Amino acid sequence: MLNRRDWGRAVTALALAAGAPALRAQLAAPPAMALPRNAPRLVLAVDNRTDFSCLPLTIADRLGYFASEGLDVELRDFTEPAQSMQALISGAAHALSAPYSSTIAGQLRGHSLQSFVLQGRTPQIVVGVSTKSLGQYRQLSDLQGKRVGVQSLGSTSHRVALALFSAGGLKTADVQFVPIPNAWAAVSAFRNGALDAISYTDPTVTQLEQAGELKVVADTRSVRGNADVFGGPMPSACLCATSEFLTQYPRASQAMTDAMVHALKWLQTAGPSDIIKVVPERYFLGDRSLYLAAFNRAREAWSPDGVMPAGGPEIAARLVARFDEPGSLDRFVLANTFTNVFARKAKARFRA
């Protein structure tokens, strides 16, 4: 079981909500909560815009969907999840692109955060073993005593591995989790034998798959693979805001949601040539073919309509209660961590 120090990105972010002086200085922008009446400028915080989970946000921005809804949106990048979360809590940002679990973490710590449009219905994490060091792999128990790379302790990649291993009879202490936040470092560690297995995102996983170096054990990039691990939908990236903002600015909230659902619908039929035209070149990291291959593998992972799926919040909350915060299910109201009001309207409008 994880202790509080290891809860990961969302909890760390909330724990740092008071902010260090350097962090407060970085966020010393004019307060964002006061919106002008005409052409409201919205600040949307994100800590890793190039991540596949945030692709719908990139599409909405690049194709001008925010502007078409009458919004002037600034996507403000932060180097750490703690900083982007602090921006939302302090009022320096109106909304935040983050894992849905961040809203649960917020509720547990007295911050009324709500997901209002879903980007991903699966975590897009793949667990695989090295074909070199575990060439004879047959079952999860073969991982006992092995080194498993994750993005960070308490991260989504860590949680996926914990859920999978627990179902296979492994305890947390049975494997050695190695945090490697940098994707290139993760590939290098996997290839040189420093890791026996990995739980990671794309395009890292696709790169190792294509080279024949990784054997997939569990794949949450697909709806079926995700259900095999969690038993149902596992909501991932979303746009969230404080309940105060959503109540005070329903038109701006609806406009943001409309832009995102428009982008989600576009992604359902987008082809490789469409992606190349819209996605910034730097996202490809020098390898377009790899990025496009990873995109095709992850196509099912994005929500088709932005609506939180039935059963998804319960699955996410049980995972938090099981591995992160024992007894947490009794300390917050799950229904307050999300709303489908805006997404349902957008779904009807765009026939998503």
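Conventions used here
- Residues numbered from 1 in each chain as written.
- Predicted model: local features only at pLDDT ≥ 70, side-chain atom pairs only at ≥ 80, totals over all residues.
- Heavy atoms only, no water.
- Axes fitted to C-alpha atoms, helices over the stretch in contact; angles between N-to-C directions.
- Helix = DSSP H or I, 4+ residues; strand = E, 2+ residues; numbered from the N terminus.
- Parallel < 35°, antiparallel > 145°, perpendicular 65-115°, else oblique.
- Contact = heavy atoms within 4.5 Å.
- Nonpolar A, V, L, I, M, F, W, Y, C, P; charged D, E, K, R; others polar.
- Pairing = 2+ DSSP bridges.
- Phe/Tyr/Trp six-rings, centres within 6.5 Å; stacked < 30°, edge-to-face > 60°.
- Buried < 20%, exposed > 50% of the residue type's maximum accessible area, 1.4 Å probe, protein only.
- Core = buried A, V, L, I, M, F, W, Y, C linked by side-chain atoms within 4.5 Å.
- Disulfide = S-S within 2.5 Å.
- Salt bridge = Lys/Arg side-chain N within 4 Å of Asp/Glu carboxyl O.

(A) Structural view of the packing of helix H7 (residues 156-167) against helix H15 (residues 312-323). Relative to each other, H7 and H15 sit at 80°, their axes nearing to 11 Å. Between H7 and H15, the angle is such that the two are roughly perpendicular. On H15, the residues that touch Arg159, Leu162, Ala163 and Ser166 of H7 are Leu319, Val320, Arg322 and Phe323. Across the contact of H7 with H15, the residue classes tally to five nonpolar, one polar and two charged.

(B) Representation of the sheet that holds strand S3 (residues 95-99). Judged by pairing direction, the sheet is mixed, and its five strands sit side by side in the order S2-S1-S3-S10-S4 without closing on themselves. Each edge of the sheet is formed by a strand with only one pairing partner; in this case those strands are strand S2 (72-77) and strand S4 (113-118). Neighbour-to-neighbour, the strand axes of the sheet open up by a mean angle of 35°, direction not taken into account. As judged from the five bridges shared by S4 and strand S10 (residues 237-242), these two strands associate in the antiparallel manner. Bridge pairing in S10 links Val117 to Leu239. Strand contacts of helix H5 (residues 81-90): strand S1 (41-46), S3, S4 and S10, with the helix running at about 140° to S3, the strand carrying the most contacts.

(C) Fine view of the packing of aromatic side chains. This model, assessed by the stated rule, comprises seven aromatic pairs. Consider the rings of Phe52 and Trp302, whose centres lie 6.3 Å apart with planes at 25°: the pair is stacked. In this pair, Phe52 sits in the loop between S1 and helix H3 (55-62) while Trp302 sits in the loop between helix H14 (288-298) and H15, placing the two residues 250 residues apart along the sequence. Both rings, one in Phe245 and one in Tyr249, keep their centres 5.2 Å apart while their planes meet at 40°; by these two values the pair is tilted. An identical accessibility class is assigned to Phe245 and Tyr249; each is buried. Members of the aromatic cluster, each reached through a chain of ring pairs, are Phe52, Phe284, Tyr291, Phe295 and Trp302.

(D) Just the nonpolar core, in detail. Ile104, Leu143, Phe165, Phe177 and Phe230 are the most contacted members of the largest nonpolar core, which has 49 residues in total. Of all hydrophobic cores here, the second largest spans 47 residues; its members include Phe66, Tyr249, Val279 and Phe342.

(E) Molecular detail of the state of the cysteines. Counted under the stated rule, the structure contains zero disulfides. As a non-bridged cysteine, Cys238 has Cys240 as the owner of its nearest cysteine sulfur, 4.9 Å distant. Look at Cys238 and you get buried, because its relative accessible area is 0%. Judged by its relative accessible area of 0%, Cys240 falls in the buried class.

(F) Quick look at the sheet that holds strand S8 (residues 197-200). Strand order in the open sheet formed by five strands is S7-S6-S8-S5-S9, and the pairing between neighbours is mixed. Edge positions in the sheet fall to strand S7 (176-179) and strand S9 (214-219), since each of these pairs with one other strand and no more. Averaged over all adjacent pairs, the angle separating strand axes in this sheet is 25°, with direction ignored. Alignment of strand S5 (residues 126-130) against S9, held across five bridges, turns out to be antiparallel. Along S9, the bridge assignment pairs Val126 with Asp219.

(G) Quick peek at the environment of Lys347. Counting through the fold element by element, Lys347 comes out in helix H16 (residues 341-350). Spatially, the C-alpha atoms of Lys347 and Asp258 are 8.1 Å apart, while their sequence positions differ by 89 residues. In contact with Lys347, other than residues within four places in its own chain, are Val261, Asp305, Val307 and Ala352.

(H) Expanded view of H3. Among the eight residues that make up H3, six are buried, leaving the element largely enclosed by the rest of the structure. The complete set of buried residues in H3 reads Leu55, Pro56, Leu57, Thr58, Ile59 and Ala60. The positive-phi residue at the C-terminal boundary of H3 is Gly64, with phi of around 75°.

(I) Representation of the pattern of salt bridges in the model. Taken as a whole and judged by the stated rule, the model has 15 salt bridges. Ionic pairing is found between Arg191 and Glu213, a salt bridge with its closest N-O pair at 2.8 Å. One end of the pair, Arg191, is in helix H8 (residues 183-191); the other, Glu213, is in the loop between helix H9 (204-210) and S9, with 22 residues separating them in the sequence. One salt bridge in this structure joins Asp219 and Arg297, with 3.4 Å as the shortest N-O distance. On the criterion of sequence distance, the pair formed by Asp219 in strand S9 and Arg297 in helix H14 is long-range, its members being 78 residues apart. Overall, the relative accessible area of 37% leaves Arg297 in the partly exposed class.

What is shown is where atoms sit, not what they do.
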